[in-house]
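Residues per chain are reported as follows:
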Amino acid sequence: MAAATPVPPPAHLRAVDPARARAGAARRRRTGAAETPLARKRRARRINAVLAEAYPYAVAELDFENPYQLLVATVLSAQTTDVRVNATTPRLFAACPTPRALAEADEAQVEQIVRPLGFYRAKTRAIRALAQRIVDDFDGEVPGRLEDLVTLPGVGRKTANVVLGNAFGVPGLTVDTHFGRLARRFGWTGEEDPVKVERDVAELFEPRDWTDLSQRLVYHGRRVCHARRPACGVCPVADLCPSYGEGPTGTAEAAALLKYEFAPGREALLEGYLAGRTRAQLRAEGWELAP
Ligand code: SF4
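Residues numbered from 1 in each chain as written. Predicted model: local features only at pLDDT ≥ 70, side-chain atom pairs only at ≥ 80, totals over all residues.

**Here's the deal with the packing of helix α3 (residues 67–76) against helix α7 (residues 120–138)**
Axis separation between α3 and α7 bottoms out at 10 Å; the angle between their running directions is 150 degrees. The angle between α3 and α7 falls in the class roughly antiparallel. Every pair of crossing elements has a handedness; the one defined by α3 and α7 is right-handed. In contact with Val-72, Val-75 and Leu-76 of α3, α7 contributes Lys-123, Ala-126, Ile-127 and Leu-130. Per-class residue counts for the contact of α3 with α7 are 6 nonpolar, no polar and 1 charged. (Axes fitted to C-alpha atoms, helices over the stretch in contact; angles between N-to-C directions. Helix = DSSP H or I, 4+ residues; strand = E, 2+ residues; numbered from the N terminus. Parallel < 35°, antiparallel > 145°, perpendicular 65-115°, else oblique. Left-handed = near helix turned anticlockwise from the far one by under 90°. Contact = placed C-beta atoms within 7 Å. Nonpolar A, V, L, I, M, F, W, Y, C, P; charged D, E, K, R; others polar.)

This is how it looks when you write it as structure tokens:
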């Protein structure tokens, strides 16, 4: 049987020098606890700079036009994909363009619209309760402060920071499962508790970088640094990461793990992103985008 043709890494990913990455990871594992706060901060900022180059198009994956829409879309995105939410919310927001309209809408009608997202009864109750509280306590306007947002039913720090960072332009670190896993792999924190992870990472970056950093970590976690088998062999931050080697380090094996626009054969999608086409345009062209 003929040997399998090796899969080349996508051209835009920085080639990993295995010897350099291995040496760097070994050194960082050895000295991890002894890394000075300044060295950790510098390394963290270099990682952020490399990720910024790798994901210049990293933006919130949920479609929205105002804070109300992003808040509702974020609540609806639990246990489903952003793609499904984006396919569902235009109808919802056409029927219920404001918190007041959603609070007063017919429950069965809302259930019918959000049904494709699963758990539709619970989700309908959640977004209507949220809308009612916005009407009752905030005069129908989504509040723009963390301490107010977290008083809304079903809104925790993560959701509040998503809304603050992306709809209000207020810096926020959004610690979800990808963010927490990557922050630990990078040696930025040893904590599991999202509030403590947020505190540790906040010390490494200027607030103006928090929102973009959050997006980049989610992008990197979904595309390259997967929970089970991270694609270390083609990872753009391999030589800065103490966890290099947690996943396959061989180029072909690692490249086969890449997802979404990084997957071999999807280079045209990446070109579309880099050319500035929006997610909605790319979807209209037939691309299946990240969940
Ligand atoms: S893919 Fe590997 S090298 Fe890259 S960030 Fe994840 S663990 Fe580190």
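**A short note on the environment of Thr-177**
With respect to the secondary-structure elements, Thr-177 resides in helix α10 (residues 177–185). Residue Thr-177 is classed as exposed on the basis of its 12 C-beta neighbours within 10 Å. Remark: the alpha-carbon pair of Thr-177 and Pro-194, spanning 17 residues in sequence, is separated by 8.8 Å. (Buried ≥ 20, exposed ≤ 12 C-beta atoms within 10 Å, placed from the backbone.)

**As for the site of the ligand**
In the vicinity of the ligand lie 14 residues, with Cys-225, Pro-230, Cys-232, Cys-235 and Cys-241 positioned nearest. Among the residues forming the shell around the ligand, the class breakdown is 10 nonpolar, 2 polar and 2 charged. (Near = placed C-beta within 6 Å.)

**Quick look at α7**
Between its first and last C-alpha atoms α7 spans 26 Å; for 19 residues at 1.5 Å apiece the expected length is 27 Å, and the two agree. Listing the buried residues of α7 in full gives Lys-123, Thr-124, Ile-127, Arg-128, Leu-130, Ala-131 and Ile-134. Relative to the axis of α7, the buried residues are bounded by an arc of 155 degrees and lie together on one face. When the buried face of α7 is taken as reference, the exposed residues oriented beyond 90 degrees from it are Arg-121, Asp-136 and Asp-137. Asp-139, located one to two residues past α7, shows a positive phi value of around 55 degrees. (Expected span 1.5 Å × (residues − 1). Arc of directions from axis to C-beta.)

**Some words on the packing of helix α6 (residues 107–114) against α7**
Where α6 meets α7, the axes come as close as 9 Å, and the angle between the chain directions of the two elements is 120 degrees. Taken together, α6 and α7 sit at an angle that is classed as oblique. Regarding α6 and α7, the two cross each other, and that crossing is right-handed. Counting all contacts with α6, which are made through Glu-107, Val-110, Glu-111 and Val-114, the residues of α7 involved are Tyr-120, Arg-121, Lys-123, Thr-124 and Arg-128. Looking at the contact of α6 with α7 residue by residue, the classes come out as 3 nonpolar, 1 polar and 5 charged.

**Regarding the environment of Arg-184**
Take Arg-184: it is sitting in helix α10. Arg-184 sits 58 residues away from Pro-242 along the chain, and the two C-alpha atoms are 9.7 Å apart. Discounting residues that sit within four places of it in the chain, Arg-184 has contacts with Thr-189 and Gly-190.

**With respect to the UniProt feature "binding site: [4Fe-4S] cluster" (unreviewed entry) in the protein chain**
UniProt tags Cys-225, Cys-232, Cys-235 and Cys-241 as "binding site: [4Fe-4S] cluster" (unreviewed entry). In three dimensions, the annotated residues from a span of 17 residues occupy one location, with a maximal C-alpha spread of 11.0 Å. In this fold, Cys-232 is placed in the loop between α12 (210–223) and α13 (251–255). Excluding anything up to four places from it in sequence, Cys-232 contacts Ala-238, Tyr-244, Gly-245, Glu-246, Gly-247, Pro-248, Thr-249 and Ala-254. Assignment of secondary structure puts Cys-235 in the loop between α12 and α13. (UniProt positions renumbered as here; feature names shortened; annotations may be inferred.)

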